[in-house]
Amino acid sequence: MKTALTPRIALLLVLPPLLWAGNAVVGRALVGSVPPLALNALRWWLALALLAPLAWRLWHTRAAVAARWAHLALLGLVGVGSYNALQYLAVQTSTPLNVTLIAASGPLFMMLVGALLHGERPQARQFAGAALSLAGVALVLARGSAQVLRELHLVPGDLYMLVATASWAVYSWMLARPPDSMRGDARPHWNWAEFLGVQMLFGSLWATLGAAGEALLEPAPIRWSAGVAAALLYVAVGPSLIAYRCWGIGVATVGPAVAAFFTNLTPLFAALLSAALLGEWPAWYHGVAFVLIAAGIAVSSLPRR
């Protein structure tokens, strides 16, 4: 049952886009040092190792995992194994401008997946919220100039990000609308760490298959350094453990359609992080965009009349 958006849930839903913005910056910085699919596999195996002390009871629920392997494998594929792999692939050929603009279509994909697969009809307030949020995102990406948007050119990385955004929408709805085997008394008695751990386990297997294929088709060495190790630790802890935990709570509380609007904060945070790294102050359009995105979140979370 979805509940109203509270300040606590809003804070939990703000953390993932902040951490994912950092993930985009780090992923771009590692281009040329770590192959994208190898980075994805290393990230999730390290995250799983860090989570293992909290999720060790999974070893004693092997029968429950085996009985639900198809659902868990799909959940691990769309949410862990593919989304970030596609994002890392996207930044190899696409610009941060194109990638974040395409990712900003997340609320629309959420509404589309909800309507097609779960019979959740979008409301007028959700369309209005999507329009406000996308306007804010476009303002940031355009740097306050329409000329920048008119000069966009699509590349293969843009297609990767489009598929990634659709994959994330499917993952979020799977969290909100699990099958009968994952509901009520039929659901295994997993705590949050164990449920996230089983997703990571299947997702890491998918990620490893992707990395193996990458190594066979386009072999490239990993150029290890202290910076690469620090970046890997960040993507394993922040955008993985913390962000996925917060996202799971938020989606379960307010539903994926409302939670999706918070992802539009990612390009705004990315712009601010980039500005901080470059020593530049935020421009006027950052503030206006924040107001538009916040307004979109507020409108989309209004109670149904």
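The structure presented is a predicted model; accordingly, all values stated were derived computationally and were not measured.

Asks: Lay out the environment of Trp-284 with the relevant residues and their values.
Replies: Structurally, Trp-284 is set in helix H15 (residues 284–300). Taking the relative accessible area as the measure of exposure, Trp-284 reaches 57% and is therefore exposed. Sequence-wise, Trp-284 and Gly-144 are 140 residues apart; in three dimensions their C-alpha atoms are separated by 8.3 Å. Not counting chain neighbours up to four residues away, the residues in contact with Trp-284 comprise Leu-139 and Gly-144.

Asks: How would you explain the nonpolar core if you had to name every residue and give the values?
Replies: General note: in soluble globular proteins, nonpolar side chains tend to be found buried as a group. Counting residues in each nonpolar core, the largest one holds 71 residues, and the members touching the most others are Trp-168, Tyr-171, Trp-190, Val-198, Met-200, Tyr-244 and Trp-247. Of all the elements, helix H12 (residues 226–254) adds the most residues to this core, at nine residues. In contact with Trp-190, not counting residues within four places along its chain, are Leu-58, Thr-61, Ala-64, Val-65, Leu-72, Met-182, Phe-195 and Val-198. Leu-30, Tyr-88, Val-228 and Val-235 belong to the second largest nonpolar core, which has 10 residues in total.

Asks: Let's hear about the side chain of Gln-87: which residues, and what values?
Replies: Here Gln-87 is to be found in helix H5 (residues 83–93). By relative accessible area, Gln-87 is classed as buried at 9%. Apart from residues no more than four positions distant in its own chain, Gln-87 is found in contact with Asn-23 and Met-161.

Asks: An account of the packing of helix H11 (residues 192–217) against H12 is needed here, citing residue identities and associated values.
Replies: Two elements in contact, H11 and H12, have axes whose closest approach is 11 Å; the angle formed by their N-to-C orientations is 120 degrees. Comparing the axis directions of H11 and H12 gives the class oblique. By crossing handedness, the relation of H11 to H12 is classed as right-handed. Taken together, the residues of H12 that come into contact with H11 (itself represented by Trp-192, Leu-196 and Met-200) are Ser-240, Leu-241, Tyr-244 and Arg-245. Of the residues that constitute the contact of H11 with H12, the class distribution is five nonpolar, one polar and one charged.

Asks: Any details on H5? Residues and values, ideally.
Replies: Counting buried residues in H5 gives eight out of 11 residues, a clear majority hidden from the surface. Here H5 has its buried residues at Tyr-83, Asn-84, Ala-85, Leu-86, Gln-87, Tyr-88, Ala-90 and Val-91.

Asks: Give a detailed account of helix H2 (residues 36–51), specifying residues and quantitative values.
Replies: Helix length check: H2, at 16 residues, gives a terminal C-alpha distance of 23 Å against a target of 22 Å (1.5 Å per residue), a fit within 8%. Residues of H2 that are buried in the fold lie against helix H1 (7–29), helix H4 (69–81), H5, H11 and H12.

Asks: I'd love a proper account of the packing of aromatic side chains, names of residues and values included.
Replies: Applying the stated criterion to the full structure yields nine aromatic pairs. Ring geometry for Trp-168 versus Tyr-244: centroids 5.4 Å apart, planes at 90 degrees, classification edge-to-face. Taken together, the residues Trp-168 in helix H10 (residues 156–176) and Tyr-244 in helix H12 connect sequence positions 76 residues apart. With centroids separated by 5.7 Å and ring planes inclined at 50 degrees, the aromatic side chains of Trp-168 and Trp-247 adopt a geometry described as tilted. One end of the pair, Trp-168, is in helix H10; the other, Trp-247, is in helix H12, with 79 residues separating them in the sequence. Since its relative accessible area comes to 6%, Trp-168 is described here as buried.

Quick notes on the rules
Chains are numbered independently. Their residues run from 1 in the order of the written sequence. In keeping with the predicted nature of the model, local features appear solely for residues at pLDDT of at least 70, side-chain atom pairs appear and are counted solely at 80 or more, and the whole-chain, interface and lining totals rest on all residues. Values shown for side chains rest on all heavy atoms present in the structure; no hydrogens or waters enter the calculation. Working definition: helices are DSSP H or I runs of at least four residues, strands are E runs of at least two. Numbering for both runs from the N terminus. Exposed residues in this analysis have more than 50% of their type's maximum accessible area, buried residues have under 20%, and partly exposed residues fall in between, with area computed by a 1.4 Å probe over protein chains only. Between two residues, a contact is recorded if the distance between any of their heavy atoms is within 4.5 Å. Grouping buried Ala, Val, Leu, Ile, Met, Phe, Trp, Tyr and Cys residues that are joined through side-chain atoms within 4.5 Å yields what is termed a nonpolar core. Axes here refer to lines fitted to C-alpha atoms; in helices the fit is confined to the stretch in contact. Angles between the N-to-C directions go from 0 to 180 degrees. The scheme is simple: roughly parallel for angles under 35 degrees, roughly antiparallel for over 145, roughly perpendicular for 65 to 115, oblique for anything else. Rotating anticlockwise by less than a right angle from the far helix to the near helix defines a left-handed crossing, while the corresponding clockwise rotation defines a right-handed one. Throughout this entry, Asp, Glu, Lys and Arg are counted as charged residues, while Ala, Val, Leu, Ile, Met, Phe, Trp, Tyr, Cys and Pro are counted as nonpolar. The remaining residues, Gly among them, count as polar. Expected span of a helix, by definition, is 1.5 Å for each gap between consecutive residues, and there is one gap fewer than residues. Pairing of aromatic rings covers Phe, Tyr and Trp, the last through its six-membered ring, and needs centres within 6.5 Å; plane angles under 30 degrees mean stacked, over 60 mean edge-to-face, and all others mean tilted.

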